[in-house]
Amino acid sequence: SDRIILAGMAFEARHGVHPHEKVESQPFEVDVELGLDLWPAGRFDDLSRTVDYGTVYEAVRAILEGPSHDLIESLAESVAQAVLEAHPPVREVVVRVRKPGVQLGGPLAFAGVEIRRRR
């Protein structure tokens, strides 16, 4: 299955359950994978036959830098729904959200979620 992949998008944002997370920004990382038929774009070298991933990036930025969410699950769901609503050719979207600065009392690279949504 064909995929467009945007990996390692990084944003400073204010999301989390704890009050200080809504005040102090912290890093978030997002990956998005779009499942769609890329043959027409590859065959004809035509942007109109695929998804402009610049628009996907801007949608992710608007969500991450927008109103605060308590849960990274909610961020991921918002990204997935925005992509599916704005891009009819996308049959499936995978969204990963990572919160590398989370404090859980010991060494941890990140807390994260991955969701997969299909039409």
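Residues numbered from 1 in each chain as written. Predicted model: local features only at pLDDT ≥ 70, side-chain atom pairs only at ≥ 80, totals over all residues. Heavy atoms only, no water.

**Q** I'd like a description of unusual backbone geometry, backed by residues and values.
**A** The phi dihedral of Asp45 falls on the positive side, at around 50°, and the residue is not glycine. Residue position: Asp45 is located in the loop between α2 (39-44) and α3 (53-64). What makes Asp45 exposed here is its relative accessible area of 74%. (Helix = DSSP H or I, 4+ residues; strand = E, 2+ residues; numbered from the N terminus. Buried < 20%, exposed > 50% of the residue type's maximum accessible area, 1.4 Å probe, protein only.)

**Q** Give a detailed account of helix α4 (residues 72-86), specifying residues and quantitative values.
**A** Taking 1.5 Å of rise per residue, 15 residues should cover 21 Å, and α4 covers 21 Å from first to last C-alpha, within 8% of that figure. Buried within α4 we find Ile72, Leu75, Ala76, Val79, Ala80, Val83 and Leu84. Taken down its axis, α4 places every buried residue within 160° of arc, on the same side. Looking at α4, the residues exposed on the side facing more than 90 degrees away from the buried face are Glu85 and Ala86. (Expected span 1.5 Å × (residues − 1). Arc of directions from axis to C-beta.)

**Q** Tell me about the pattern of salt bridges, residues and numbers included.
**A** Tallied over the full model, the rule gives 16 salt bridges. Taking the shortest distance from any N to any O, the salt bridge between Glu29 and Arg98 comes out at 2.9 Å. Residue Glu29 is located in strand β2 (residues 26-35), and its partner Arg98 is located in strand β3 (residues 92-99); the two are separated by 69 residues in the primary sequence. Glu29 sits in the partly exposed class, given a relative accessible area of 27%. Judged by relative accessible area, which is 13%, Arg98 ranks as buried. (Salt bridge = Lys/Arg side-chain N within 4 Å of Asp/Glu carboxyl O.)

**Q** For the sheet that holds strand β1 (residues 3-13), give the residues involved together with the corresponding values.
**A** Reading across from one edge, β1-β2-β3-β4 is the order of the 4 strands in this open sheet, with antiparallel pairing throughout. In this open sheet, the two edge strands, each paired with only one partner strand, are β1 and β4 (111-118). In this sheet, neighbouring strand axes are inclined to one another by 15° on average, regardless of whether the strands run parallel or antiparallel. Two elements, β1 and β2, share 9 bridges in a ladder whose sense is antiparallel. Counterpart to Ala13 in the pairing with β2 is Gln26. Sitting on the sheet, α3 touches β1 and β2, and the angle it makes with β1 is about 30°. (Pairing = 2+ DSSP bridges. Axes fitted to C-alpha atoms, helices over the stretch in contact; angles between N-to-C directions. Contact = heavy atoms within 4.5 Å.)

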